[in-house]
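# Report on the structure
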Amino acid sequence: MTLAAALAAAVGPEHVLIDRDLRASFETDWTGRFTGTARAVVRPASTGQVARVLAACAEAGVPVVVQGGNTGLVGGGVPGPDPAGDPPILLVTTRLTELCAVSPAARQVTAGAGVRLAALAAHARSAGLDFGVDLAARDSATVGGMVATNAGGIKVLRHGSMREQVAGVEAALADGRVISRLDGLAKDSTGYDLGHLLAGSEGTLAVITRLRLRLVAREDGRAVAFVAVRDTAAAVGLLAALRARLAGISAAELCFDAGLTLVGRHLGVPVPLAGTGGAYVLIEVAAQADPLDDLLAALQACDQVIDATVASSATERARLWQLREAHTEAISVAGLPVKLDVSVPAGRLAELVGALPEAVAVAAPAAQLVVFGHLAEANLHVNILQADAGEVTSAVLALVAGLGGSISSEHGIGRAKARYLGLSRSQAEIELMRAVKAAFDPLGLLNPGVLFPVPPRA
Ligand code: 2HG
Ligand code: ZN
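Calculation criteria
Residues numbered from 1 in each chain as written. Chains lettered and ligands numbered in written order. Predicted model: local features only at pLDDT ≥ 70, side-chain atom pairs only at ≥ 80, totals over all residues. Heavy atoms only, no water. Pairing = 2+ DSSP bridges. Helix = DSSP H or I, 4+ residues; strand = E, 2+ residues; numbered from the N terminus. Expected span 1.5 Å × (residues − 1). Buried < 20%, exposed > 50% of the residue type's maximum accessible area, 1.4 Å probe, protein only. Contact = heavy atoms within 4.5 Å. Polar contact = N/O pair within 3.5 Å; in protein donor to acceptor, adjacent residues only side chain to side chain. Near = heavy atom within 4 Å. Areas by Shrake-Rupley, 256 points an atom, 1.4 Å probe, with all protein chains shown as cover. Nonpolar A, V, L, I, M, F, W, Y, C, P; charged D, E, K, R; others polar. Donors = N, O, S within 2.8 Å, 3.2 Å for Na, K, Ca; no water. 1 Å grid on protein atoms, 1.4 Å probe; cavity = no way out; pocket = protein on both sides within 12 Å on 5 of 7 lines; lining within 4 Å. Points joined across faces, edges and corners; volume = space filled by probe spheres on them. Patch = residues over 30% accessible without salt bridge, like charges linked within 9 Å, V, L, I, M, F, W, Y side chains within 5 Å. Salt bridge = Lys/Arg side-chain N within 4 Å of Asp/Glu carboxyl O.

Pairing is mixed across the open sheet formed by 4 strands, whose spatial order is 1-2-4-3. The strands lining the two open edges of the sheet, one partner per strand, are strand 1 (16-17) and strand 3 (64-67).

If you want it as structure tokens, here you go:
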């Protein structure tokens, strides 16, 4: 049987997209920066179908690229440029949409890898609970892709990244075998946690098909403030001071005038407090009861606050959040950015923000720098317009590594940063990671070129 016939037999011919026009939207990433060619886009609807697709590809020796909602920002979910003329199969997980009943006793739910974040959160909320990770791409991002990249988002300071939400994983291996641990045991000390190994593996080890996910308490009381402070150091100081006074901080986001100006222009809205600070912090507090008075009192006690606007309704809260969440879109409308996603030890965030303009200007004098990010994790989204990726990536990542930071805080390494992995991981670690990769995927067929610069060979 040919590979095409085996794939059609596995998922049904209507879910094997061979026509160029039908493949196109899957072959280019959301940013438009990463694009490649796939032999076919294959859309399985069950773990068994995923396993059959992988077995057929292994049999034919054809590589497989895995894609969820195609919201990744590092080129990890689309085919790479393929000089050898051996295009991969693009396995898209968005038909894996099974969503089981919430277990209130375990505070867990089992979800297919292709379930969208917003659908999972709504499902959890309808059962009186909530999901601990949230991010701007919630309507498109799939939970499988989010685990594969160990996505973070806006609530990491409260509930951790995606890895922390994983209570069990089912996955199809490169040769078509399936491993499944979805029983959600609260305690289990029987050796290696293979599910957690898949978190952050970016599709290089196996294809996640279902997840057992932890849920958190639902907190409907919300208060949001947008605060102008003198600079990044004051923003860091403000968060520390607020944390000492408020138990329920659920988000702390950092913005600057450059990004807010683009957002205001893109949305056609005035930006509150524009130009009054050297940095801005969006603070959200979540609690069972309305936390607005507590937030107001805490802000009044913090001398870092130059000025603040506090939302008094759900509509106003959404409006303040839009100032932060629309950054990605507003930047994309302004041009094709080089996107870097870095973090440093908390005490060095101000140093990084201070050093970035010069590092970028030296590498690319005409570039426009837009920085924002997640304050509590000292995670900066460094977006650079009008610059060549190679020029600025080396400069910024070297600066970050010099400050003891990570070259990828939440988006992953993908294809974009594979050759820089050695800036954040030691030689010994990379060798061990490659050995793990070889154990899971001895033929090197899963997401070649992602995470590691050269596809490992058997
Ligand atoms: C966010 O925090 C996302 O909004 C996207 O991680 C960041 O566009 C970016 O650089
Ligand atoms: Zn982010």
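Attention now goes to helix 13 (residues 349-363). For helix 13, with 15 residues, the first-to-last C-alpha span of 21 Å sits near the 21 Å given by 1.5 Å per residue. Within helix 13, burial applies to Leu 349, Leu 352, Val 353, Leu 356, Ala 359 and Val 360. Packing partners of the buried residues in helix 13 comprise helix 8 (232-245), strand 12 (249-255), strand 15 (338-343), strand 16 (368-374), strand 17 (379-385) and helix 14 (389-402).

Tracing the backbone shows Gln 304 in the loop between helix 10 (292-300) and strand 14 (307-310). Among the polar contacts made by the side chain of Gln 304, one reaches the main-chain carbonyl oxygen of Gly 237 at a distance of 3.4 Å. If sequence neighbours within four positions are ignored, Gln 304 has contacts with Ala 228, Val 229, Arg 230, Ala 234, Gly 237, Leu 238 and Ala 241.

What follows concerns the site of ligand 1. Contacts to ligand 1 come from Leu 73, Arg 324, Thr 328, Lys 339, Phe 372, His 374, His 381, Asn 383, Glu 410 and His 411. Thr 328 has a polar side-chain atom sitting 2.7 Å from an oxygen atom of ligand 1. Here an oxygen atom of ligand 1 sits 2.7 Å away from a polar atom, N or O, in the side chain of His 411. Isolated, ligand 1 exposes 290 Å² of accessible area, and the fraction of that covered by the protein chains is 89%. Among the elements of the structure, strand 16 and strand 17 are those that each provide at least two residues to the shell around ligand 1. Among the residues forming the shell around ligand 1, the class breakdown is 2 nonpolar, 5 polar and 3 charged.

On to the coordination of the zinc ion (ligand 2), then. Those donors, His 374 (NE2), His 381 (NE2) and Glu 410 (OE), are the protein atoms that reach the zinc ion (ligand 2), and they lie 1.7 to 2.1 Å from it. Each donor residue of the zinc ion (ligand 2) belongs to the same chain, with the gaps between them written as H-x6-H-x28-E. A relative accessible area of 3% places His 374 in the buried class.

Right, let's get into the layout of surface pockets. Think of a ball as big as a water molecule: rolled over the atoms, this probe shows where empty space is left. Roughly 850 Å³ of volume is contained in the second largest pocket. In terms of lining residues, the second largest pocket is bounded by 35 residues, among which Arg 163, Ala 199, Gly 200, Arg 425 and Met 433 are the most central. Those elements giving two or more residues to the lining of the second largest pocket turn out to be helix 7 (194-198) and helix 15 (427-440). Among the elements that take part in the lining of the second largest pocket, helix 15 stands out by supplying 5 residues, more than any other. Partitioned by chemical class, the residues of the lining of the second largest pocket number 12 nonpolar, 16 polar and 7 charged.

Judged by side-chain polarity, Tyr 192, Leu 194 and Leu 197 come together as a nonpolar surface patch covering roughly 350 Å² of accessible area. With respect to the helices and strands, the residue Tyr 192 is situated in the loop between strand 8 (178-180) and helix 7.

The next point concerns the pattern of salt bridges. Applying the stated criterion across every chain, the model contains 17 salt bridges. Residue Arg 348 pairs with Glu 351 through a salt bridge whose shortest N-O separation is 3.0 Å. Accessibility expressed as a relative area gives 31% for Arg 348, which makes it partly exposed. Judged by its relative accessible area of 41%, Glu 351 is partly exposed. With a shortest N-O distance of 2.6 Å, Lys 437 and Asp 441 are connected by a salt bridge.

Taken by themselves, the reported measurements are silent on function.
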